[in-house]
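# Fold and geometry: a report
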Amino acid sequence: MTRLRTVGTVAALTLREASRRRVVLALIGLTVLLLAGSGWGFSRVAAETGGSALTSGEARLTASIMLNLVMFGYSLVAALGTAFLAGPTLAGETESGIALAVLARPVRRSDFLLGKWLGLVAFGSGFVVLAGLAQCLVVRATTDYWPPRPATALALLAAQTVVLLTLAVLLSTAISPMASGVVAVGLFCTTWVAGVVGGIGASLGNESVARVGTVSRVLLPTDGLWRGAMNAFQDPTAFTFFGDGGGQAFPFLSVAALTTSYLVWALVWVAMVWGLAAASFLRKDL
Amino acid sequence: MTAADVASVDDDATLRGMAPPADVPTPAPAVWCSGLRKRYGRQQAVEDVSLEVGRGDVVGLLGPNGAGKTSVIKMLLGLVRPDAGEVQLLGRPAGDPTARARVGYLPELFRYQPWLSAAEVLTLHVRLSGIDVSAPEQRDCLALVGLAERAGDRVGGFSKGMQQRLGLAVALVARPELVVLDEPTSALDPLGRVDVRDIVLDLRSRGVAVLLNSHLIGEVERVCDRVVILDRGRVAASGTLAELLGQRELRLQLTGLSAKGQARLAATGRVEREGDWITVTLPPDDDGSAVPDLVRDLAALGVRVHAVEPARITLEERLLGILRDGAEARAGGAA
């Protein structure tokens, strides 16, 4: 009971920190900007469709691509937000001395870390789910397009955020706050680029290049989960517009839904990296 | 007397044997540690430190910069992992976090969540301690350190002194039975220092044990029952103030001091000379005959004795003497 209270207290403290440091305000501002901009863009697609410039299939394809593009923007914002919040909240508190008084209380370091992680998970996941849902509603209102599996897509977006923030938490137990944020976001972007390169390789039938994407998705599951989310956001007929394999090279469409085994791997990856973070934090001299 | 001698003399008084005190029917000491060691890279920060703080005792931790005082404190509180050694807090092994439920701590590096108000910081620490402390009691704690008017203000806007006062409130808020204060007055003005002294004395009167690390030797001398002196990661000396300062000194104004006279003085104890004035440390086992014997012998050697005054060394002088002896012993060992 005491341990649960500790975890809950630290998680609530992390959420309060995000709120008091105006991270929430900044994210709301960015989200409103993205919603307004994309709303205008989607309304232009609807206008073109209404004027018969696009067939209904082309309109659905365009809406799918644009939706995935905007959602990538949200996932990037969530990645930046959580990665740069995880650094200050853990490594920053250790460096500044704030953690000294807290961890001198009857608190297990693993409980403290779990509380921080849960707070970040609630914050990052909450943001992508709410912003993603708002985006889906904007798309529906402007183009009448509704993703085939929105709940799955939003859950995978949240999972992607969890993966990245878990990595950021591990890094922040070992390196400085700023470095942990930079490395986490850098790896996130690198994995995404590797995924795009892999898609190009697959479309060209080059197995070696295609393997770049496969390996990167195993090493850091953010891109794999992102591709699963895209697949759930996009229109199922989207690929009929491309030739054989041509759509695989397109960065904002995903060929296949995620397999259960990959989802299990993502879960194992998170548990493993969290375990490493806990082991590193437990051994840390403050 | 050398630092090593003092340490050995004080074995009975302060270290009280190093067997874990679990079987003793009286309450376990507030702090008990044995054989603590810590190395940072090539630097041996703490080397075989053993100490004890009894219930209700106020123990001062003294030593030069880099002596290992803060490292010892952090090992006691589980913030730094010792390479070797055992720690018990309030009768429980320090590896068990519940041992710290009744421990208050003001770190040397005092920083608190700048996005919280002072009152919120206290509420956070009360929740983490698992002790039920009412809101009025928390407010009283802030008032005790002079922050009653700033309870609702964000900590980010506090001066260093105010943050240290808040740290003191944090250390006191969860009804501690042991309070560890690491340089508690480093950012405080003279009034603040007096406040801290009064708080420590109040804690002692309520039976709360205090481990106080401070460079302000005068403050330590005023409030501490016992003192542990660390030098280069080792306990150089420890004991009650009476034990440490109990050595008497004699000040003599002499003229015509011959080599034989100087040898007679040196045979009595440590000698320091300022012009005609000589200060001699008297042996600890003096039965009262040392002074008349010395004066008689000096007179017999043709030394003219103009004045003889008793003197008592201060804690600062004692500390410096111990550190000097340690440095000389190391230099002698190296040679």
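If you're wondering where the values come from, they're calculated on a predicted model, not measured in any experiment. (Residues numbered from 1 in each chain as written. Chains lettered and ligands numbered in written order. Predicted model: local features only at pLDDT ≥ 70, side-chain atom pairs only at ≥ 80, totals over all residues.)

## Details of the overall build of chain A
Stated precisely, the cut-off is as follows: Helix and strand labels come from DSSP, where a helix needs a run of H or I of at least four residues and a strand needs a run of E of at least two; each type is numbered from the N terminus. Radius of gyration here is computed from C-alpha atoms only, and the compact-globule reference equals 2.2 Å multiplied by the residue count raised to the power 0.38. Counting other C-beta atoms within 10 Å of a residue's C-beta gives its exposure: the residue is buried at 20 or more, exposed at 12 or fewer, and partly exposed in between, where C-beta atoms are placed from the backbone.
Within chain A, the regular secondary structure consists of 10 helices and zero strands. When the helices and strands of chain A are placed in sequence order, the string is α-α-α-α-α-α-α-α-α-α. In terms of overall size, chain A behaves like a compact globule, its C-alpha atoms giving a radius of gyration of 20 Å where 286 residues would be expected to give roughly 19 Å. Along the three orthogonal principal directions, the C-alpha set of chain A runs to about 70 × 40 × 30 Å. The 286 residues of chain A split such that 47% are buried.

## Points about the overall build of chain B
Selection rule: Each residue is represented by a C-beta atom placed from its backbone, and any two residues with such atoms within 7 Å are regarded as in contact.
On a plain count of helices and strands, chain B comes out with 12 helices and 14 strands. Expressed as a percentage of its 335 residues, the buried residues of chain B come to 42%. Partitioning the contacts of chain B with sequence separation of at least 6, the portion at a separation of at least 24 is 71%.

## Quick notes on the packing of helix H4 (residues 118–129) of chain B against helix H5 (residues 135–144) of chain B
Residues and elements named next belong to chain B. Just so we agree on the cut-off: Every axis corresponds to a line fitted to the C-alpha atoms, with the helix fit spanning only the stretch in contact, and the corresponding angles, defined between N-to-C directions, vary from 0 to 180 degrees. In this scheme, roughly parallel covers angles under 35 degrees and roughly antiparallel covers those over 145, while 65 to 115 is roughly perpendicular and the rest are oblique. In this scheme the crossing of two helices becomes right-handed for a clockwise turn of the near helix relative to the far one and left-handed for an anticlockwise turn of less than a right angle. Only Asp, Glu, Lys and Arg are considered charged in this grouping, and only Ala, Val, Leu, Ile, Met, Phe, Trp, Tyr, Cys and Pro are considered nonpolar; every other residue, Gly among them, is considered polar.
Interaxial distance between H4 and H5 falls to 10 Å at its minimum, and their mutual angle equals 120°. When the axis of H4 is compared with that of H5, the two are oblique. Crossing hand, H4 versus H5: right-handed. Between H4 and H5, the contacting residues are Ala-118, Ala-119, Leu-122, Thr-123 and Val-126 on the first element and Gln-138, Cys-141 and Leu-142 on the second. A class-by-class count of the residues in the contact of H4 with H5 yields six nonpolar, two polar and no charged.

## Some points on the interface of chain A and chain B
With 23 residues of chain A in contact, the opposing surface of chain B contributes 26 residues. Secondary-structure elements contributing two or more residues to the side of chain A that touches chain B are helix H1 (2–20) and helix H4 (98–103) of chain A. With seven residues, H1(A) is the largest single contributor of residues to the side of chain A that touches chain B. For the side of chain A that touches chain B, the per-class residue count stands at 10 nonpolar, five polar and eight charged.

## Focus on the packing of helix H3 (residues 56–96) of chain A against helix H9 (residues 222–233) of chain A
All names here are of chain A. Closest axis-to-axis distance for the H3/H9 pair is 9 Å, and the angle between their directions is 145°. In terms of crossing hand, the pair formed by H3 and H9 is right-handed. Contacts between H3 and H9 involve Ser-64, Leu-67, Asn-68, Met-71 and Ser-75 from the first element and Trp-226, Ala-229, Met-230 and Phe-233 from the second. Grouping the amino acids of the contact of H3 with H9 by side-chain chemistry returns six nonpolar, three polar and no charged.

## Things to note about H9(A)
All names here are of chain A. To be explicit about the condition: One less than the number of residues in a helix, times 1.5 Å, gives the span that helix is expected to have.
Its 12 residues place the ends of H9 16 Å apart at the C-alpha level, agreeing with the 16 Å of an ideal helix rising 1.5 Å per residue. Buried residues dominate H9, accounting for 12 of its 12 residues. Of the positions making up H9, those classed as buried are Thr-222, Asp-223, Gly-224, Leu-225, Trp-226, Arg-227, Gly-228, Ala-229, Met-230, Asn-231, Ala-232 and Phe-233. In the core, the buried residues of H9 are packed alongside H3, helix H6 (150–172), helix H7 (177–204), helix H8 (207–219) and helix H10 (260–283).

## Structural notes on the nonpolar core
Our working definition: The nonpolar core is taken to be a set of buried Ala, Val, Leu, Ile, Met, Phe, Trp, Tyr and Cys residues joined by way of C-beta atoms within 7 Å.
In terms of nonpolar packing, the biggest core is built from 157 residues, with A:Ala229, B:Leu76, B:Ala169, B:Val210 and B:Leu212 touching the most fellow members. Among the nonpolar cores identified, the runner-up in size contains five residues, and B:Leu250, B:Leu252, B:Leu265 and B:Val280 belong to it.

## A closer look at the environment of A:Ala277
Residue and element names in this part refer to chain A. Relative to the helices and strands, Ala-277 is located in helix H10. Judged by C-beta crowding, with 26 C-beta atoms within 10 Å, Ala-277 ranks as buried. Along the sequence, Ala-277 and Leu-263 sit 14 residues apart, while their C-alpha atoms lie 21 Å from each other. Other than its neighbours up to four places away in sequence, Ala-277 contacts Leu-113, Val-169, Leu-170 and Thr-173.

## Focus: the sheet that holds strand S2 (residues 43–53) of chain B
We apply this condition: When DSSP locates at least two bridges between a pair of strands, those strands are taken to pair.
Pairing is antiparallel in the open sheet, where four strands are placed in the order S2-S1-S4-S5 (chain B). What marks the edges here is a single partner per strand, and that holds for S2 and strand S5 (92–93) of chain B.

## Regarding the pairing of strand S12 (residues 271–274) of chain B
All names here are of chain B. Where S12 lies against strand S13 (residues 277–281), four bridges are found, and the strand directions are antiparallel. Bridge pairing in S13 links Val-271 to Val-280. The hairpin turn running from S12 into S13, its antiparallel successor, is two residues long, and Gly-275 in that turn takes a positive phi close to 65°.

## Considering the sheet that holds strand S3 (residues 58–62) of chain B
Residues and elements named next belong to chain B. Across the sheet, which stays open at both edges, the six strands sit in the order S6-S7-S8-S3-S9-S10 with mixed pairing between neighbours. Edge positions in the sheet fall to strand S6 (103–106) and strand S10 (234–240), since each has one partner strand and no second. Each strand of the sheet is rotated relative to its neighbour by a mean of 15°, with strand direction disregarded. Of the strand pairs in this sheet, S3 and strand S8 (residues 209–213) are connected by four bridges, and their pairing is parallel. When the sheet's bridge partners are listed, Leu-61 is paired in S8 with Asn-213. Together, S6 and strand S7 (178–182) form the strand contacts of helix H6 (residues 160–172), whose direction differs from that of S6 by roughly 170°. Packing against the sheet, helix H7 (residues 190–205) makes contact with S3, S7 and S8, and its axis sits at approximately 150° to S8.

## Looking at the pairing of strand S1 (residues 31–40) of chain B
Residue and element names in this part refer to chain B. Alignment of S1 against strand S4 (residues 84–89), held across five bridges, turns out to be antiparallel. When the sheet's bridge partners are listed, Trp-32 is paired in S4 with Gln-88. Where S1 and S2 come together, seven bridges link them in antiparallel fashion. Residue Cys-33 lies in a different strand from S2, and its bridge partner there is Leu-51. Following S1, the chain reverses through two residues before pairing antiparallel with S2; Gly-41 in that reversal takes a positive phi of roughly 60°.

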